[in-house]
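A look at the structure
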Amino acid sequence: HWGSQSAQASGFQPFLMLHGPLTEVKVSVLRHVPQDRMTFYTDAMEPKYSVAVIGSAGMDINGIPNTKLVPKDSNPGRIEIEFGGVGRNITENLTRLGVETRLITVLGDDAVADMIREDCRNKGIRDDDFIVLENQKSSAYMSIFDDEGDMAWALSDMHIVENLTPEFLASR
């Protein structure tokens with residue numbers, strides 16, 4: 001987890017590098033790059049290119065304990081809700097860079113989908129390419145961190161993303 005206390009204490013931050021013209025974005029993520037060596041590379045920023053990202057969007061629920069975790073017990077701490085998914089995260093970062101970006105994702109017809117849409121709109125991510133499937137749950141990820149800020153456990157409910165097949169997208 002890039003935001004862990006141990007990663008922050010060591011001065012390392014995530015690193016995102018874009019290669020090639022922005023119509024063919026390849027993302028390389030390198031962990032443990034010192035802050036003073038962080039650089040953003042791109043071949044061309046003008047004119048703006050349009051990028052379509054096909055991928056997941058979901059709700060992330062993170063549990064951070066106040067003290068050392070006690071297995072099979074209720075541990076005091078705080079719970080944070082964020083929105084993520086690899087596709088959504090890439091889209092947010094490209095949007096922040098001023099790149100016209102569309103996110104093609106699939107959501108359920110639930111309250112989580114409403115929150116994901118609102119979060120995306122607030123961050124400038126268009127939601128008109130989101131596909132809503134009836135009687136389905138949107139993607140969710142839950143993690144529990146230990147007292148040192150490292151992930152101890154996690155559950156991922158991303159079944160709806162299995163619908164993002166070429167055949168499914170072609171039928172839309």
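A short tour of the structure in this document, coming up. Position numbers for residues start from 1 in each chain and track the written sequence from start to end. Per-residue local features of the predicted model are confined to residues with pLDDT of at least 70, and side-chain atom pairs are confined, for both listing and counting, to 80 or more; whole-chain, interface and lining totals are unaffected and use all residues. In computing side-chain values, all of the structure's heavy atoms are included and hydrogens and water are not.

1. Remarks on the overall build of the protein chain
- The helix count covers DSSP runs of H or I at least four residues long, the strand count covers runs of E at least two residues long, and both are numbered beginning at the N terminus. Within the protein chain, the regular secondary structure consists of four helices and nine strands.
- Overall, the protein chain shows an N-to-C arrangement of helices and strands of α-β-β-β-β-β-α-β-α-β-β-β-α.
- In this scheme, a residue with accessible area under 20% of its type's maximum is buried, one over 50% is exposed, and one in between is partly exposed, where area comes from a 1.4 Å probe on protein chains only. Counting only residues that meet the buried cut, the protein chain has 34% of its 172 residues in that class.
- Using a 1.4 Å probe, accessible areas were evaluated by the Shrake-Rupley method; residue-level cover was limited to the displayed protein chains. When the accessible area of the protein chain is evaluated, it comes to approximately 10,700 Å², of which 52% is carbon and sulfur surface.

2. Considerations on the sheet that holds strand 7 (residues 130-133)
- For two strands to be treated as a pair, DSSP must find no fewer than two bridges joining them. The strand order 3-6-7 describes an open sheet built from three strands, whose pairing is parallel. Sheet topology places strand 3 (50-54) and strand 7 at the edges, where each strand pairs with a single neighbour. Between one strand and the next, the sheet's axes are offset by a mean angle of 10 degrees, whatever the strand orientation.
- Across four bridges, strand 6 (residues 100-108) lies against strand 7 in parallel orientation. Throughout, an axis means a line fitted to C-alpha atoms (over the contacting stretch in the case of helices), and angles, computed between N-to-C directions, take values from 0 to 180 degrees.

3. Digging into the layout of surface pockets
- The rule is simple: put a 1 Å grid over the protein atoms alone, call a set of points where a 1.4 Å probe fits but cannot get out a cavity, call an open set with protein on both sides within 12 Å along at least five of seven lines a pocket, and count a residue as lining if it has an atom within 4 Å of a point. Grid points are joined across faces, edges and corners, and a volume is the space filled by probe spheres set on the points. The calculated volume of the second largest pocket comes to roughly 280 Å³.
- Residue lining of the second largest pocket: 19 residues in total, with Gly-63, Ile-64, Leu-69, Asn-75 and Ile-144 positioned closest to the centre.
- When contributions to the lining of the second largest pocket are tallied by element, the ones reaching two or more residues are strand 4 (58-65), strand 5 (77-84) and strand 8 (139-145).
- Here the element with the most residues in the lining of the second largest pocket is strand 4; it accounts for five residues.
- By residue class, the composition of the lining of the second largest pocket is eleven nonpolar, five polar and three charged. Residue classes follow a fixed rule: Ala, Val, Leu, Ile, Met, Phe, Trp, Tyr, Cys and Pro count as nonpolar, while Asp, Glu, Lys and Arg count as charged, and any other residue, Gly among them, counts as polar.

4. Thoughts on the nonpolar core
- Remark: nonpolar core denotes a set of buried residues (Ala, Val, Leu, Ile, Met, Phe, Trp, Tyr, Cys) joined through side-chain atoms within 4.5 Å. Counting 15 residues, the largest nonpolar core has Leu-103, Leu-107 and Ile-116 as its most contacted members.
- Here this core gets four residues from one element, more than from any other, and that element is helix 3 (residues 111-122).
- In this structure, Leu-103 is in contact with Val-53, Gly-55, Ala-57, Gly-87, Arg-88, Thr-91, Ile-125, Asp-129 and Phe-130, ignoring residues within four places of it in sequence.
- Val-106, Ile-160, Leu-164 and Phe-168 belong to the second largest nonpolar core, which has six residues in total. Pairs of residues are marked as contacts when any of their non-hydrogen atoms sit within 4.5 Å.

5. Details of helix 2 (residues 86-96)
- Within helix 2 the residues assigned to the buried category are Gly-87, Arg-88, Thr-91, Glu-92 and Leu-94.
- Backbone geometry just downstream of helix 2 places Gly-98 in the positive-phi region, at approximately 90 degrees.

6. Observations regarding helix 3
- Taking 1.5 Å of rise per residue, twelve residues should cover 16 Å, and helix 3 covers 17 Å from first to last C-alpha, within 8% of that figure.
- Where helix 3 is buried, its residues touch strand 4, strand 5, helix 2, strand 6, strand 7 and strand 8.
- At the C-terminal side of helix 3, Gly-124 shows a positive phi close to 80 degrees. Expected helix span is given by 1.5 Å per residue-to-residue step, counting one fewer step than there are residues.

7. Considerations on the pattern of salt bridges
- Salt bridge, as used here: a side-chain nitrogen of Lys or Arg that lies within 4 Å of a carboxyl oxygen of Asp or Glu. Scanning the model with the defined rule gives ten salt bridges in all.
- The shortest N-O distance in the salt bridge between Arg-126 and Asp-128 comes to 2.9 Å.
- Asp-157 is the partner of Lys-137 in a salt bridge, and the nearest nitrogen-oxygen pair spans 3.1 Å. Placement of Lys-137 in the loop between strand 7 and strand 8 and of Asp-157 in strand 9 (residues 151-157) is noted, with a sequence separation of 20 residues between them.

Scope: geometric values only; no functional claims are made or implied.
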